[in-house]
Amino acid sequence: SSQVGQFVTNFTGQWLGLRRLEDISPDPRLIKWHHSHKQGMIGESERFFKEILQKNWPLQTFIQSDFTWGNKRLLNEIYGQNVKLTDEEFTRIKVPKGATFGGLLGQAGILMATSNGNQTQPVVRGVWVLRNILGDPPSPPPPGTPAIEPDTRGTKTVRELMAAHTADAQCASCHRKIDPLGFVLENYDPVGRWRTHYPQWTKNKNGEPVKKEGAVIDAVGDFPGGVQFKNIAGLRKYVLNNIDEFGICL
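Residues numbered from 1 in each chain as written. Predicted model: local features only at pLDDT ≥ 70, side-chain atom pairs only at ≥ 80, totals over all residues. Heavy atoms only, no water.

## A short note on the nonpolar core
In a soluble, globular protein the nonpolar side chains are often hidden away together inside. Core analysis: the biggest nonpolar cluster contains 52 residues, and Phe 62, Leu 104, Ile 133, Leu 134, Leu 235 and Phe 246 have the highest contact counts within it. Mapped by element, the contributors of at least two residues to this core are α1 (2-15), α2 (35-55), α3 (72-78), α4 (108-113), α5 (122-132), α7 (169-183), α8 (232-241) and α9 (243-249). (Core = buried A, V, L, I, M, F, W, Y, C linked by side-chain atoms within 4.5 Å. Buried < 20%, exposed > 50% of the residue type's maximum accessible area, 1.4 Å probe, protein only. Helix = DSSP H or I, 4+ residues; strand = E, 2+ residues; numbered from the N terminus.)

Right, dumping it as structure tokens:
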């Protein structure tokens, strides 16, 4: 039914921010980007939402799910699976136990829509979780707040860049909530692939980019209320324990 399809596309496009994907071109050093990656990302979120809606799965399924949908490029190149499909096909797959993808918090489209295609943006991701998952949006930054300067050489960690930015007491109170949510998602690169280290880029003798493993990613963050997130599993558990907040938000 086309009405259900339109509702799903419009609702997920607005709620999950998937419309932003139109304007993002990932760093070509990261991935040989193809429109089929983007179709896979949007298609995953839409099909996932539609199934929960039509089968009336419990609310927790949005956060901890044993299935997802995808096409060949998304499932194989972003999620590291080995699925045999033609380029245009979508399929429903079982999410392995302990997988880093699956559920809204592990969906590549959302993780990419909250990055800029070149670097991850922990503040943007943290605000996204507060606004769209926990229903607790922070107040806007005070006027004249400078943006965090990106470190193009990759020699500073995201935490070092953020520490300078949040030293201001006016900023610190909101960042106490935002930053741990952004840091715990740092294991996902700007296109939503899992990583354990930041990349460090050098060039070979032909001037082509070469990727080396840089600093280890530290995803641990202290959230207000004595909660510590060590990794994505910890954040999922927190949302599941506070599922009413998510339900009201949705």
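Having seen the model, we can carry on.
## A word on the pattern of salt bridges
In the structure shown here, the tally under the stated rule is 8 salt bridges. Between Asp 27 and Arg 29 there is a salt bridge, with its nearest N and O atoms 3.0 Å apart. On the basis of relative accessibility, which here comes to 10%, the residue Asp 27 falls in the buried class. Residue class for Arg 29 comes out partly exposed when judged on its relative accessible area of 38%. Between Glu 186 and Arg 195 there is a salt bridge, and its shortest N-O distance comes to 3.6 Å. Side by side, Glu 186 and Arg 195 carry an identical accessibility label, which is buried. (Salt bridge = Lys/Arg side-chain N within 4 Å of Asp/Glu carboxyl O.)

## Focus on the packing of α1 against α2
Contact geometry of α1 with α2 gives a least axis separation of 10 Å together with a crossing angle of 120°. Classified by the interaxial angle, the pair formed by α1 and α2 is oblique. In this structure, the crossing between α1 and α2 has a hand that is right-handed. In this structure, α1 uses Val 4, Phe 7, Val 8, Thr 9, Phe 11, Thr 12 and Trp 15 to contact α2, whose residues at the interface are Ser 45, Glu 46, Phe 49, Lys 50, Leu 53 and Gln 54. (Axes fitted to C-alpha atoms, helices over the stretch in contact; angles between N-to-C directions. Parallel < 35°, antiparallel > 145°, perpendicular 65-115°, else oblique. Left-handed = near helix turned anticlockwise from the far one by under 90°. Contact = heavy atoms within 4.5 Å.)

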